[in-house]
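Read off the chains here:
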Number of protein chains: 2
Amino acid sequence: MLAEIITIGDEILIGQIVDTNSAWIAVELNKIGIRVKQISSVSDNREHILTALAEASKRVDVILITGGLGPTKDDITKKTIAEYFNVGFVENAETLAHVTEIFARYNRPLLEVNKQQALVPANCEVLLNKNGTAPGMWFNEGGKIYISMPGVPHEMMYMMEDSVIPKLKSTLKLPFILHKTILTVGEGESFLAERIADIEDSMPDYIKLAYLPKLGQVRLRLSGYGEDAKFITAKVNEYAAKIVERVANVVAAEEDIAIEKAILDFMQSKGLTLTVAESCTGGYISHLFTQHAGSSKVFLGGAVSYSYELKESMLGVKNETLWQYGAVSKETVTEMVFGALNNFNSDYAIAVTGIAGPDGGTSDKPVGTVWIAVANKDKSVIKKFTFGNKRKQNIERTATTALNILNILLHEKAE
Amino acid sequence: MLAEIITIGDEILIGQIVDTNSAWIAVELNKIGIRVKQISSVSDNREHILTALAEASKRVDVILITGGLGPTKDDITKKTIAEYFNVGFVENAETLAHVTEIFARYNRPLLEVNKQQALVPANCEVLLNKNGTAPGMWFNEGGKIYISMPGVPHEMMYMMEDSVIPKLKSTLKLPFILHKTILTVGEGESFLAERIADIEDSMPDYIKLAYLPKLGQVRLRLSGYGEDAKFITAKVNEYAAKIVERVANVVAAEEDIAIEKAILDFMQSKGLTLTVAESCTGGYISHLFTQHAGSSKVFLGGAVSYSYELKESMLGVKNETLWQYGAVSKETVTEMVFGALNNFNSDYAIAVTGIAGPDGGTSDKPVGTVWIAVANKDKSVIKKFTFGNKRKQNIERTATTALNILNILLHEKAE
């Protein structure tokens, strides 16, 4: 069963927002065995939307449309879909009551444009929007299913979970897809490929292997497709196990999780705690950990010490160390990591300090110079890196590199 | 001049990665007057790539392709493009030297798959990849330009900046596009639309107005298209000024920047400093500020105090407050915000504490319960919110709401 996601809105095409909806929708569809064949982002333009709907209907069975359902003039998805199906509008009583109730609840007057949100194409089945005023719409025409949803992420997500996924499962006979991912840290893509070449060559047609490299990590993803869930699952697991056995020394997780989640899981299983002292990453490492549910069992917190004063008061870095060696130095990062270990009382600590850029570089410490320290009470790894000149990437590379170092240190200790 | 971005790779279609490349490329193209007509994400599949190239060539003048250039078997972009143009391969001496040099630098053996990266379709012009081994490729065929780039973001970005953008500018006669964005905080989309309805109705055809709502903020984006840059710029600025004058009380910035950047700019202009005390946002607010260059002039740092112990030791929250009222309470958030102001010695502070979920909720404090405090030495705003049950969104909504409150408080004070 194939699907296409069509996102409507000029804001994506001019790059004002990143389309995060499509990836989320794709994950949810994959879980129920629907493969996304294509994602198309098109403009708030009548002809373009009509063309996109027609092209998608030739490629796939299910077409999911997001965006363009707001009350304002630039939102034309609803009337364009009605034109595509050549139908008129009807008022949906349930939606009108819902919109009226929302405005009453916030004690705001109900405007004419908001009342019009209850008008829907005559051939649609309405999907209630619990988190907003624009209703979702489900169409079943010409053997194809078309689903129109709001583009606001939390409105779309609730609608998918509450209505769309259950309705797709009950309406369609769905095949089986299984993805299994192995996260590796510390070995390059082509070297991994050489190590497992014979396993890859022996794989059957219904299993695909992909290499997804990213900043010192490579994800190996096996995807199995078929009718027989039990058979596909057994075969995917069999080949995954062969790969894990072969490259065991670089495997960080046998599931599709981020490196910091693999670290949290491992540390929780050992009863270990972690704190951080962040300068150039400015809270990003803390954010990576704390975005995961249950992180508080391992991650106690830490300092975002951007200024000299906070490096001293929160972490106990000595004033003379900062003035003699500078904030970006082996001496400072060392005092930071032990300051975190001691002041915050954790088993492990990460400290980073560097010049994220674009300003602040000097000839001996150019933008991209970063010191990373990872330590427990017995052992520390303290390294200097020279990344690039892009701030955002320096922050991300510093964080990921620190996580990779911690992961390796944790597993060394465990052996 | 119209462009289409084609991203190739199953990892996008199964939702394993979010396509951030396309938004970045779109922004860069817009700056030089190239409009993105469509973004299409397709699979690592020969027929699908061929179809996407053919469809795009009917719609647009410039086709930018990312992904599928790695050395491994699942990467088939290069050979499929050669098939599309019906040409053979030649070895590119410069690329071979570059790849050889990279492997020598890291003291690793040059594998056969890496040597093959120097093979390129006979009709292409090679774009050197300074940050990786896969070369970019530029094709000019049938009056259309095709550009193939790696999917790894930092490799693609350098290639765009170093080669693609300069080459597009020198090759094409480009029209003019201007986007101007007004950031508003605290007024809903439809109420804004009512307030400026007459201005919107009076706008000429060559200016489009879009409403982009997000978590208590609405961006108003004016887009002007034409040949005469001076005329378009003047007209877009004229209508933007009318709108700003009408809704001045809710305008946070007259450019397309994030709310935290507007806050940093304003605070820097007044010589004010800021610190944070983050519990449930776990470093995310700090990250929002510190991702911006120059943030250290305003943002001194702060505490990520996930545990009770760190709330006490870093922020001076009293042990009896935590035990009597709980970590998620008016009393705790108040001690946190004044702890940050006093211990970290800043003009303003933000404190947040809440239950991000999915676990940790109780009947009187369900998941999504959040206390936010924003204060300076004279004034504080302390409010309770009840968000939803999704962790990631609770973190984002808490952060954005805190930023909105700080922005309003800053401007109140300034009046």
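Residues numbered from 1 in each chain as written. Chains lettered and ligands numbered in written order. Predicted model: local features only at pLDDT ≥ 70, side-chain atom pairs only at ≥ 80, totals over all residues.

Bringing the overall build of chain A into the picture now. The helix and strand inventory of chain A stands at 16 helices and 17 strands. Seen through its C-alpha atoms, chain A measures out along the principal axes to roughly 75 × 60 × 40 Å. Across the 415 residues of chain A, 50% fall into the buried class. A fraction of 66% describes how many contacts in chain A between residues 6 or more apart in sequence connect residues 24 or more apart. (Helix = DSSP H or I, 4+ residues; strand = E, 2+ residues; numbered from the N terminus. Buried ≥ 20, exposed ≤ 12 C-beta atoms within 10 Å, placed from the backbone. Contact = placed C-beta atoms within 7 Å.)

With respect to the secondary-structure elements, A:Q38 resides in strand β2 (residues 35–42). In the structure, A:Q38 is positioned 131 residues away from A:K169 in sequence and 20 Å away in space, judged by C-alpha atoms. The contact partners of A:Q38, leaving out residues within four places of it in the chain, are A:E4, A:R59, B:S40, B:S41 and B:V42.

It is worth spelling out the sheet that holds strand β10 (residues 207–214) of chain B at this point. Residue and element names in this part refer to chain B. Taken in spatial order, the 4 strands line up as β10-β11-β9-β12 in an open sheet, and their pairing is antiparallel. A strand with exactly one partner marks an edge of an open sheet, and here the two such strands are β10 and β12 (251–253). Between one strand and the next, the sheet's axes are offset by a mean angle of 30 degrees, whatever the strand orientation. In this sheet, strand β11 (residues 217–226) lies alongside β10 in antiparallel orientation, the contact comprising 8 bridges. (Pairing = 2+ DSSP bridges. Axes fitted to C-alpha atoms, helices over the stretch in contact; angles between N-to-C directions.)

Right, let's talk about the interface of chain A and chain B for a bit. Each side of the interface is counted separately: chain A has 74 residues, and chain B has 74 residues. Grouping the constituent residues of the side of chain A that touches chain B by class yields 32 nonpolar, 29 polar and 13 charged. Pairing of β2(A) with strand β2 (residues 35–42) of chain B, which is carried by 5 bridges, proceeds in the antiparallel orientation. Looking at β2(B), one finds that A:S41 is bridged to B:I39. (Nonpolar A, V, L, I, M, F, W, Y, C, P; charged D, E, K, R; others polar.)

Before going further, it helps to examine the domain arrangement of chain A. Examined at the domain level, chain A breaks down into domain 1 (2–171), domain 2 (176–253) and domain 3 (259–414). Computed from C-alpha atoms alone, the centre-to-centre distance between domain 1 of chain A and domain 3 of chain A is 43 Å. (Domains from an automatic or database assignment.)

Right, let's get into the confidence of the model for chain A. For chain A, per-residue confidence averages 93 on the pLDDT scale, and residues scoring 70 or more make up 99% of the total. In the model output, the complex is listed with pTM 0.79 alongside ipTM 0.79. (pLDDT = per-residue confidence, 0-100.)

Note on the identical chains: chain A maps onto chain B by a rotation of 180 degrees and an axial translation of 0.0 Å, with an RMSD of 0.0 Å. Expressed as an axis order, the relation between the two copies is that of a two-fold axis. Looking at chain A, 100% of its interface residues are interface residues in chain B too, so the copies touch through the same face. (Least-squares fit on C-alpha atoms with pLDDT ≥ 70 in both.)

Turning our attention to unusual backbone geometry. Following A:G357, the chain continues to A:P358 via a peptide bond in cis, the omega torsion being 0 degrees. Take A:P358: it is sitting in the loop between β15 (348–354) and β16 (369–376). Positive phi values are uncommon outside glycine, yet B:N107 reaches one of about 60 degrees. Positionally, B:N107 belongs in the loop between α5 (93–105) and α6 (112–115).

Our focus in this paragraph is helix α7 (residues 153–171) of chain B. Residue and element names in this part refer to chain B. Its axis deflected by about 50 degrees at M160, α7 carries its strongest bend there. Among all positions in α7, only E155, M156, M157, Y158, M159, M160, S163, V164 and L168 are buried. The inward-facing, buried residues of α7 contact α2 (21–31), β3 (62–66), β6 (125–127), β7 (136–141) and β8 (144–149). (Bend = angle between axes of the 7 residues up to and from the residue.)

We now examine the pairing of strand β8 (residues 144–149) of chain A. Residues and elements named next belong to chain A. Across the 6 residues of β8, 5 count as buried, placing the element largely inside the fold. With 5 bridges connecting them, strand β3 (residues 62–66) and β8 associate as parallel partners. What sits directly across from V62, in β8, is I145. Alignment of strand β7 (residues 136–141) against β8, held across 5 bridges, turns out to be antiparallel. When the sheet's bridge partners are listed, E141 is paired in β8 with K144. If you look at the hairpin formed by β7 and β8, you'll find 2 residues sitting between the two strands, and G142 has a positive phi there, around 60 degrees.

The strand order across the open sheet built from 10 strands is β17(A)-β16(A)-β15(A)-β13(A)-β14(A)-β14(B)-β13(B)-β15(B)-β16(B)-β17(B), with neighbouring strands paired in mixed fashion. The open sheet has two edge strands, β17 (380–386) of chain A together with β17 (380–386) of chain B, and neither has a second partner. Across the sheet, the mean angle separating the axes of adjacent strands is 10 degrees when strand polarity is ignored. Judged from the 7 bridges that link them, β16(A) and β17(A) form a sheet pairing that is antiparallel.

Attention now goes to helix α11 (residues 259–270) of chain A. Taking 1.5 Å of rise per residue, 12 residues should cover 16 Å, and α11(A) covers 17 Å from first to last C-alpha, within 8% of that figure. Listed as buried for α11(A) are A:I259, A:E260, A:K261, A:A262, A:I263 and A:L264. (Expected span 1.5 Å × (residues − 1).)

With 145 residues, the main nonpolar core has A:V337, A:A340, A:A349, B:V337, B:A340 and B:A349 as its most contacted residues. The contacts of B:A340, once residues within four sequence positions are left out, are B:T275, B:V276, B:A277, B:G302, B:A303, B:L315, B:A349 and B:A351. Core analysis: the second largest hydrophobic core is formed by 41 residues, A:M137, A:F139, A:Y146 and A:I147 among them. (Core = buried A, V, L, I, M, F, W, Y, C linked by C-beta atoms within 7 Å.)

Of note, A:K230 is situated in helix α10 (residues 229–246). Spatially, the C-alpha atoms of A:K230 and A:F176 are 9.5 Å apart, while their sequence positions differ by 54 residues.

Let's shift gears to the pairing of β7(A). Pairing of strand β6 (residues 125–127) of chain A with β7(A) involves 3 bridges; the strand directions are antiparallel. Counted as the bridge partner of A:E125 is A:W138 from β7(A).

Next up on the list: the packing of helix α3 (residues 46–59) of chain A against helix α4 (residues 77–85) of chain A. Residue and element names in this part refer to chain A. Between α3 and α4, whose axes approach to 10 Å, the crossing angle comes to 55 degrees. In terms of orientation, α3 lies oblique with respect to α4. The interaxial crossing formed by α3 with α4 has right-handed handedness. The residues of α4 that touch α3, namely those facing R46, I49, L50 and L53, are T77, T80 and Y84. When grouped by side-chain class, the residues that make up the contact of α3 with α4 number 4 nonpolar, 2 polar and 1 charged. (Parallel < 35°, antiparallel > 145°, perpendicular 65-115°, else oblique. Left-handed = near helix turned anticlockwise from the far one by under 90°.)

The next subject is the environment of A:V250. Secondary-structure assignment places A:V250 in the loop between α10 and β12 (251–253). For the pair formed by A:V250 and A:G186, sequence separation is 64 residues and the distance between their alpha carbons is 6.3 Å.

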